[in-house]
Amino acid sequence: MLAIQAAQAQSLVEPERYRALAADHRAYRLGDVITVYVAEATRAKSQAATDASSRLDLGAGLRSPSTDFNADVGLSGSNSGGAQTTRVGELRTQVSVQVVALEPDGSLRIEGAQTLTVNGENQRIRLKGLVRPQDVSAQNTVWSNRIANAELELDGVGIVSESQRQSVIYRFFKWLRLM
């Protein structure tokens, strides 16, 4: 028995971490990595219109043998307005995330981030949520629409995002409702 323990102590293979070559290599343990295919598209449109009008007419007439006199008084008003907002967003990428916790029902709590710098513009993608083990493919990938309680953030910092920011003066005039 002592010889077996000594042989295991000198082995290059850790029995609790060993996976056979023909074994399923999908993530199932703490620290395993999963590739998430992110294909999200959002489209929202809101439209409202109002149109109201009213009219009040009063008429009076006076007739005599020599003359006809008619008087009309009218009051009318109308109001119309409309508004429309449209927002479209699309994100397509791949992010590798790590299993950070195992839930009692067997679900995998995942979390990961990726930073990309293009022409001085930093973009950071952060993703976390819950994945069912059966949603992880044999290639150890999962689609973002299969992640429960998914939190997906995309932040950008750099010249492009700074140019989109409104100036303090513009925001002040907008707050005063002058713009």
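Let us look at the structure shown here. (Residues numbered from 1 in each chain as written. Predicted model: local features only at pLDDT ≥ 70, side-chain atom pairs only at ≥ 80, totals over all residues. Heavy atoms only, no water.)

Re the layout of surface pockets
So, point 1. Each pocket or cavity is described by its volume, and for the largest pocket that value is around 250 Å³.
So, point 2. As for the largest pocket, its lining consists of E40, T42, R87, V88, G89, E90, L91, L152, E153 and L154.
So, point 3. Contributing elements (two or more residues each) for the lining of the largest pocket: β1 (33–63), β2 (68–102) and β6 (148–157).
So, point 4. When the residues that make up the lining of the largest pocket are grouped by side-chain class, the tally is four nonpolar, two polar and four charged. (1 Å grid on protein atoms, 1.4 Å probe; cavity = no way out; pocket = protein on both sides within 12 Å on 5 of 7 lines; lining within 4 Å. Points joined across faces, edges and corners; volume = space filled by probe spheres on them. Helix = DSSP H or I, 4+ residues; strand = E, 2+ residues; numbered from the N terminus. Nonpolar A, V, L, I, M, F, W, Y, C, P; charged D, E, K, R; others polar.)

Topic: the environment of R124
So, point 1. By secondary structure assignment, the location of R124 is in strand β4 (residues 121–131).
So, point 2. Taking relative accessible area as the criterion, R124 reaches 41% and is therefore assigned partly exposed.
So, point 3. Expressed as a C-alpha distance, the spacing of R124 and A113, which sit 11 residues apart in the sequence, is 7.0 Å.
So, point 4. Not counting chain neighbours up to four residues away, the residues in contact with R124 comprise A113, Q114, T115, E153, L154 and D155. (Buried < 20%, exposed > 50% of the residue type's maximum accessible area, 1.4 Å probe, protein only. Contact = heavy atoms within 4.5 Å.)

Looking at the pattern of salt bridges
So, point 1. Taken as a whole and assessed by the stated rule, the structure comprises six salt bridges.
So, point 2. Note that R109 and E103 form a salt bridge whose closest N and O atoms lie 3.0 Å from each other.
So, point 3. Classification of R109 as partly exposed rests on a relative accessible area of 32%.
So, point 4. Note on E103: relative accessible area 25%, which makes it partly exposed.
So, point 5. Of the charged contacts, one joins R126 and E151 as a salt bridge, the two residues approaching to 3.8 Å between their closest N and O atoms. Residue R126 is located in strand β4, and its partner E151 is located in strand β6; the two are separated by 25 residues in the primary sequence.
So, point 6. Using a relative accessible area of 38% as the deciding quantity, one classes E151 as partly exposed.
So, point 7. Three or more residues are tied together by salt bridges with common partners; here these are R126, E151 and E153. (Salt bridge = Lys/Arg side-chain N within 4 Å of Asp/Glu carboxyl O.)

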